[in-house]
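Observations on the three-dimensional arrangement
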Amino acid sequence: MSGVASKAAGLGSFNNPIQFAGQDYEKLKAQCLASKTDFVDPQFKPDQSSLGKETDGLGPDSGKIVGVDGKWKRPKDLVKDPKFIVGGTELDDVCQQYLGDCWVIGSIACLTTNPDCLARVVPLDQSFDKDYAGIFRFKLWQYGQWVEVVVDDLLLLLDHELNFAISKTSNEFWSSLLEKAYAKINGSYENLVSSTTMEALADFSGGVSEKFINAPDGLFQKIQTALRQKSFVGCNSTAPDQSGFSASISRKHLYSIIRVEEVTYGETKEQLIKIRNPYGNEEWTGKWNDKSEEWNKLDPLIRKDLNSQKEDGEFWMPFSEFVKEFTEVEICDVTMSEICCGDNYKWCLTEYNGSWKKGSSSGGDTSSDMFWMNPQYPITLKAPDGDTSKKCRIVVSLMQKDRRKLKFRYKAYIVPGFYIYEVNPSDKLPLGMEFFKSNKDVGSFSRGRYREVAKRFELLPGNYVIVAANHNKEEDADYYLRVFTEKPTGAQHV
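Considering the overall build of the protein chain
For the protein chain, the helix and strand inventory stands at 13 helices and 20 strands. Taken over C-alpha atoms, the radius of gyration comes to 24 Å for the protein chain, in line with the 23 Å a tight globule of 494 residues would show. For the protein chain, the spread of C-alpha atoms along the three principal axes comes to 75 × 70 × 45 Å. Scored against the burial criterion, the 494 residues of the protein chain give a buried share of 55%. The contacts of the protein chain with a sequence gap of at least 6 include a subset with a gap of at least 24, amounting to 75%. About 21,700 Å² of surface is accessible on the protein chain, with carbon and sulfur atoms providing 47% of the total. Each charge class in the protein chain can be summarised by its mean position, and for the 62 positive and 70 negative side chains these summaries are 3 Å apart.

Some words on the sheet that holds strand β6 (residues 161-162)
On the basis of which strands lie adjacent, the open sheet formed by 3 strands has the order β2-β5-β6 and antiparallel pairing. Looking at strand neighbours, the two that pair on one side only are β2 (70-73) and β6, the edges of this open sheet.

Considerations on the pattern of salt bridges
Enumeration according to the criterion identifies 24 salt bridges in this entry. The shortest N-O distance in the salt bridge between D129 and K83 comes to 3.0 Å. Placement of D129 in the loop between α5 (115-121) and β3 (135-142) and of K83 in the loop between α3 (75-78) and α4 (102-111) is noted, with a sequence separation of 46 residues between them. Classification of K83 as partly exposed rests on a relative accessible area of 24%. A salt bridge links D305 to R259; its shortest N-O distance comes to 2.8 Å.

Focus on the sheet that holds strand β17 (residues 443-446)
Taking strand neighbours across the sheet as the criterion, the 4 strands line up as β14-β19-β16-β17 in an open arrangement whose pairing is antiparallel. The two strands at the open ends of the sheet, each matched to only one other strand, are β14 (376-381) and β17. Within the sheet, the average angular offset between the axes of one strand and its neighbour, ignoring direction, is 20°. In the sheet, β14 pairs with strand β19 (residues 462-470) via 6 bridges, with the strands oriented antiparallel. When the bridges of β19 are listed, Y377 appears paired with I466.

Description of the confidence of the model for the protein chain
The share of residues in the protein chain with pLDDT of 70 or more is 92%, and the mean pLDDT across the chain is 87. Per-element confidence in the protein chain is highest for helix α1 (residues 25-35), whose mean pLDDT is 98, and lowest for helix α12 (residues 407-410), whose mean pLDDT is 56. Residue range residues 1-7 is modelled with pLDDT below 50. Its contacts to residues more than four positions away, or to other chains, number 19 contacts.

Some points on the pairing of strand β13 (residues 348-356)
Judged by how many residues are buried, β13 sits mostly within the fold: 7 of 9 residues are covered. In this sheet, strand β20 (residues 477-485) lies alongside β13 in antiparallel orientation, the contact comprising 9 bridges. For L349, the partnering residue across the bridge sits in β20 and is F484.

What about the pairing of strand β16 (residues 416-422)?
Counting buried positions along β16 gives 6 out of 7 residues, so the element sits mostly inside the fold. Bridge count between β16 and β19: 7 bridges; the pairing is antiparallel. Its bridge partner being in β19, P416 is matched across the sheet by N470.

Brief notes about helix α8 (residues 219-228)
Along α8, the residues that are buried comprise L219, F220, I223, Q224 and A226. Projected down its long axis, α8 shows its buried positions confined to an angular sector of 165°, all on one face. Buried residues along α8 sit in contact with β7 (208-213), β8 (232-237), β9 (254-265), β10 (268-276), α10 (319-325) and β12 (326-333). Remark: K230 follows α8 within two positions and exhibits a positive phi of approximately 60°.

Examining the packing of aromatic side chains
Inspection of the entire model under this criterion finds 29 aromatic pairs. Taking 5.2 Å as the distance between ring centres and 80° as the angle between the ring planes, the aromatic pair formed by F220 and F319 counts as edge-to-face. Here F319 lies in helix α10 and F220 lies in helix α8, a separation of 99 residues in the sequence. Both residues of the pair, F220 and F319, belong to the buried class. Clustering of aromatic rings is evident, with ring pairs tying together F84, F128, Y132, F136, F138 and F173. The residue whose ring lies beneath K139 is F14, and the NZ or CZ to ring-centre distance is 4.1 Å.

Comments concerning the state of the cysteines
Structurally, a disulfide amounts to a covalent bond that connects the sulfur atoms of two cysteines. Enumeration according to the criterion identifies 0 disulfides in this entry. Among the cysteines around C117, which has no disulfide bond, C332 carries the closest sulfur, lying 8.2 Å off.

Conventions and cut-offs
Residues numbered from 1 in each chain as written. Predicted model: local features only at pLDDT ≥ 70, side-chain atom pairs only at ≥ 80, totals over all residues. Heavy atoms only, no water. Helix = DSSP H or I, 4+ residues; strand = E, 2+ residues; numbered from the N terminus. Rg over C-alpha atoms; globule rule 2.2 N^0.38 Å. Buried < 20%, exposed > 50% of the residue type's maximum accessible area, 1.4 Å probe, protein only. Contact = heavy atoms within 4.5 Å. Areas by Shrake-Rupley, 256 points an atom, 1.4 Å probe, with all protein chains shown as cover. Lys, Arg positive; Asp, Glu negative; His and termini not counted. Charge placed at Lys NZ, Arg CZ, Asp CG, Glu CD. Pairing = 2+ DSSP bridges. Salt bridge = Lys/Arg side-chain N within 4 Å of Asp/Glu carboxyl O. Axes fitted to C-alpha atoms, helices over the stretch in contact; angles between N-to-C directions. pLDDT = per-residue confidence, 0-100. Arc of directions from axis to C-beta. Phe/Tyr/Trp six-rings, centres within 6.5 Å; stacked < 30°, edge-to-face > 60°. Lys NZ or Arg CZ within 6 Å of the ring centre and 35° of its normal. Disulfide = S-S within 2.5 Å.

Right, here's the structure in full:
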């Protein structure tokens, strides 16, 4: 068992991050200052290798690259007075350009709503002024460890325009450089094309991400609670384009959720949700849009607080319309990365790194006779207050490792899932095929080709086994398993 609290000062903790690719920021910067040269990153070169290699991505034969005049420029060569941050970090600092990474841009935008999280990822003591050497650093969470990533500040221009993330403030560059650091840790800019906000939000916080589909009961309250706790929330619009949906919402596009409110106008109550398009424009045109007449029926003070009437990609819409236009909501619970830390932590974290290997530890799903071959983790749930009749809270997260940087080799994530079984002291571990044929799980979760699957459960005190399953039993993969409980589990791997 490895508790987050116990490794607060160890290598891989936030205060002592791992150096990505062995690059020491302080040493590299000192060398550049001493030699009076600006840093050029040998691990993420300003050339085609950092863009990608696939024809359907950003490879040299891609239609997005061929015949296009491309140059890498530093901010000091683009604007007169470049700044890392101008007047604080705001939603307008993060706008998507031509790379299909709305999931990254939306997640970076979410960071601006939680200053504490943002300051962890984006060290605020960086500048284009004092001791400038063309080198910047960021901290990203990777499978239980914090990693410091350094980048140079060379940014790609295609046809004389910045091609990736930009700020609406033309001389501000923190979001562009954070996107570059995220591209570096994932292997290329090309590897940032297409995913869900769950993935990036976890990497920016260490939180546990959950996906909600087709508006389950209590979704408005779940979003409201998450935002109050300064957790991150994103949503995915319904696809494909068809009649019955608003043309003002981009299809299969990821947006950020930044606020929810219940308002009273006249004798009517309405649940409203505020959303941001990572493009920084293209807003909802239906009821409660910026210029909608519904605003005139509100108390003037409330109207002033809620309705900015700016073309900034942020808009309100009725929650009843939201659940029609958006089928998926993703919540990254940042508190799960924090409540295990410090002297008074309230939860215990047990974590494992493992592998699925064809023919030995990759057993498929429960329909397979080889299911018993999947890795098994016995745990003991203890009543928090000693009352064995009360259920124990448990959160399980199973995450595939390092698949994105191999995206075009594997083409897609595998389908992971976990299953929880109650066991008796007489049951021999590891559990065999006969056990699984005659026993049903007491909790499970799997949902398609996503990097992380996570779910909360309430179970009676007792002995259990968690099975980490690879549904693609013919394919090898690595994983990271987290189990949050209210008491130590005495967990082990059999």
